[in-house]
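# Structure at a glance
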Amino acid sequence: MLNRRSVFLGLAAGVALPLPVFAQEKLPVVASFSILGDFVREIGGDRVAVTQLVGPDGDAHVYSPTPADAKTVAGAKLVVVNGLKFEGWLTRLVKSSGTRATVATATAGIIPLKMADDHGHGHGGEDPHAWQSVANAKLYVGNVRDALIAADPAGKVSYEANATAYLAKLDALESEIKAAVARIPADRRKAITSHDAFGYFAKAYGIAFIAPQGV
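Residues numbered from 1 in each chain as written. Predicted model: local features only at pLDDT ≥ 70, side-chain atom pairs only at ≥ 80, totals over all residues. Heavy atoms only, no water.

### Side note on the packing of helix α2 (residues 34–44) against helix α5 (residues 134–151)
For the record, the criterion: Geometry is summarised by axes, namely lines fitted to C-alpha atoms with helices restricted to the contacting stretch, and by angles between N-to-C directions that run from 0 to 180 degrees. Elements are defined by DSSP. Helices are runs of H or I of four residues or more, strands are runs of E of two residues or more, and each kind is numbered from the N terminus. Angular relationships are summarised with four words: roughly parallel below 35 degrees, roughly antiparallel beyond 145, roughly perpendicular across 65 to 115, and oblique for the angles in between. Working rule for handedness: look at the near helix, and if it is turned counterclockwise from the far one by less than a right angle, call the crossing left-handed; if clockwise, right-handed. In what follows, residue pairs with any heavy atoms lying within 4.5 Å of each other are defined as contacts. Residues are grouped as follows: Ala, Val, Leu, Ile, Met, Phe, Trp, Tyr, Cys and Pro are nonpolar; Asp, Glu, Lys and Arg are charged; all remaining types, including Gly, are polar.
Where α2 contacts α5, the axes come no closer than 10 Å and their chain directions differ by 60°. Relative to α5, α2 is oriented oblique. Along this stretch, α2 crosses α5, giving a crossing that reads as right-handed. For the pair formed by α2 and α5, the contact residues are Leu 36, Phe 39, Val 40, Ile 43 and Gly 44 on the first element and Ala 137, Tyr 140, Val 141, Val 144, Arg 145 and Leu 148 on the second. In terms of residue class, the contact of α2 with α5 is made up of nine nonpolar, one polar and one charged.

Written as structure tokens, this is what we have:
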């Protein structure tokens with residue numbers, strides 16, 4: 001028969017055992033394309049699980065969603081989109097998926113530039129490639145940060161710290177870009193690209209872009 005001392009020691013040993021550590025469940029976030037996915041990963045850090053629908057080698061203008069995409073969106077808590085009619089297919093995908101996720105627009109607050117010709121992409125005359133100036137990229141960061149906080153209030157401190165660190169990197173990048181452009185003679189600040197999609201970069205840094213599709 002166990003005496004009281006034995007019982008006490010047994011209970012004490014049981015209390016001293018380490019409790020099981022449960023991994024934090026990550027916030028499932030869907031980003032419409034790879035650049036937005038990068039923003040979310042930088043700001044979300046270890047608290048988010050990010051899936052991007054269009055990869056770095058894909059074209060978000062002409063992407064055709066799959067049934068697997070609908071399933072992915074259905075399981076998300078947050079969907080981050082560019083907006084400005086960049087992802088013309090996304091509204092139908094979100095609706096057909098039946099998701100209850102919040103849809104956050106990363107370009108909120110950005111005044112869009114006009115496009116003379118969007119080459120049939122359906123942008124409605126507005127240039128959606130707003131991330132190509134650092135000033136706009138910083139607005140993307142703020143919008144993504146706020147969307148993550150709204151979806152996961154417990155991560156507020158982490159999201160704010162990550163966003164602040166990322167904004168500092170963008171400030172450094174802005175200085176680097178301006179210094180690089182300053183080394184180019186003014187009459188040679190021209191670039192040829194296949195798609196006329198660099199309006200924001202051109203306006204911010206004084207580079208003239210010539211696109212065969214737009215000539």
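Still more to cover.
### Focus on the packing of α5 against helix α6 (residues 156–182)
Between α5 and α6, whose axes approach to 10 Å, the crossing angle comes to 175°. In terms of orientation, α5 lies roughly antiparallel with respect to α6. The segment α5 lies against α6, with Val 134, Ala 137, Lys 138, Val 141, Arg 145, Leu 148 and Ile 149 engaging Lys 156, Tyr 159, Glu 160, Ala 163, Tyr 166, Leu 167, Leu 170, Asp 171, Leu 173, Glu 174 and Ile 177. Looking at the contact of α5 with α6 residue by residue, the class counts come to twelve nonpolar, no polar and six charged.

### Considerations on the sheet that holds strand β4 (residues 102–105)
Worth spelling out the cut-off: Any two strands with at least two DSSP bridges between them are considered paired.
The strand order across the open sheet built from four strands is β2-β1-β3-β4, with neighbouring strands paired in parallel fashion. Two strands in the sheet have a free side with no partner beyond their single neighbour: β2 (48–54) and β4. When strand polarity is set aside, the average angle formed by the axes of neighbouring strands in this sheet is 25°. Two elements, strand β3 (residues 78–81) and β4, share four bridges in a ladder whose sense is parallel. Across the sheet, the residue bridging to Val 79 is Val 103, located in β4. Lying on the sheet, helix α3 (residues 67–74) is in contact with β1 (27–33), β2 and β3; it crosses β2 at an angle near 150°.

### Overview of α3
We apply this condition: The buried label applies to any residue whose accessible area, calculated with a 1.4 Å probe on protein chains only, is under 20% of its type's maximum; exposed applies above 50%, and partly exposed to all values in between. Working note: the arc is built from the helix axis to C-beta atom directions.
Of the positions making up α3, those classed as buried are Asp 69, Ala 70 and Val 73. Down the axis of α3, the smallest arc covering the buried residues is 100°, so these residues share one side. In α3, the exposed positions that point more than 90 degrees away from the buried face belong to Pro 67 and Lys 71. Buried positions along α3 lie against β1, β2, β3 and α4 (90–97).

On their own, these measurements won't tell you what the molecule is for.
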